[in-house]
Amino acid sequence: MSHRFELAAPVAPSDHLLGGEHAPVTIVEYGDFECPNCRQAAPAVKLILEHWRGRVRLVWRHFPLEGVHPHALSAALASEAAAAQGKFWEMHDVLLENQAHLKSDHLRGYARRLELDTARYEAEMEEQVYLQRVREQVDGAEKSGVRGTPAFFVNGAIQDVSFGLQVLRDRVAKLIDRPA
């Protein structure tokens, strides 16, 4: 199985992207908004983006661990509803910061706080408009060998961060700072 631990779904225009659009290094993170490790990883990832501004980009994809995290899927759907109104990263940050409060009434409150069109938000959540998108990302993660969150791929190859995020930073540094 040649695709194991390599990114099965290439980065596409529909992905949520932060950082330089044509950056030489792309980090793809498969995450779960209810996952404590994803929350802990977020500041370190932001520092990497700031340190190599314009030379690194981050793509967030959903991998809600529904068996362990009962609110992860609805949080993912809420982030997609926010994305439809141009506020994905704002919702991403609010969800990770408020991990213990991801019930639907909380999510509704965040939508209001971000000044989303709440009628549209409510309708899209009710109809689970973005469920297919989330499911496709989960499928892509599984095909790439992802088992848990956060899972990071750097330029398409998986990066083990089980011993901390310094290895992610080192890998990025190698790719950017190495002589051409």
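Here, the structure is the one placed above.
Residues numbered from 1 in each chain as written. Predicted model: local features only at pLDDT ≥ 70, side-chain atom pairs only at ≥ 80, totals over all residues. Heavy atoms only, no water.

K.L.:
Is there a simple way to think about the pattern of salt bridges in this case?
P.N.:
If the charged atoms of two oppositely charged side chains come close together, the side chains can form a pair. This structure, assessed with the given rule, holds seven salt bridges. A salt bridge links Glu-66 to Arg-135; its shortest N-O distance comes to 2.9 Å. Pair noted here: Glu-66 is in the loop between β3 (56–62) and α2 (72–83) and Arg-135 is in helix α6 (residues 131–143), with a separation of 69 residues, a long-range link. On the basis of relative accessible area, Arg-135 is assigned to the partly exposed category, the value being 36%. Close ionic contact of Glu-80 with Arg-133 constitutes a salt bridge, the shortest N to O distance being 2.7 Å. In this pair, Glu-80 is assigned in helix α2 and Arg-133 in helix α6, connecting sequence segments 53 residues apart. Of the two residues examined, Glu-80 and Arg-133, each falls in the buried class. (Salt bridge = Lys/Arg side-chain N within 4 Å of Asp/Glu carboxyl O. Helix = DSSP H or I, 4+ residues; strand = E, 2+ residues; numbered from the N terminus. Buried < 20%, exposed > 50% of the residue type's maximum accessible area, 1.4 Å probe, protein only.)

K.L.:
Just to check I follow, could you spell out the packing of aromatic side chains for this structure?
P.N.:
Aromatic rings considered in pairs are described by the distance between their centres and by the relative angle of their planes. Applying the stated criterion to the full structure yields three aromatic pairs. Relative to Trp-89, the ring of Phe-88 lies with its centre 5.0 Å away and its plane at 85°, an arrangement referred to as edge-to-face. Each member of the pair, Phe-88 as well as Trp-89, is classed as buried. (Phe/Tyr/Trp six-rings, centres within 6.5 Å; stacked < 30°, edge-to-face > 60°.)

K.L.:
Just to check I follow, could you spell out helix α3 (residues 88–97) for this structure?
P.N.:
Most of α3 is tucked away, with seven of its 10 residues classed as buried. Within α3, the full set of buried residues consists of Phe-88, Trp-89, Met-91, His-92, Val-94, Leu-95 and Leu-96. Lining the buried residues of α3 we find β1 (16–19), α1 (36–51), β3, α2 and α4 (104–113). (Contact = heavy atoms within 4.5 Å.)

Coordinates in, geometry out; function isn't part of it.
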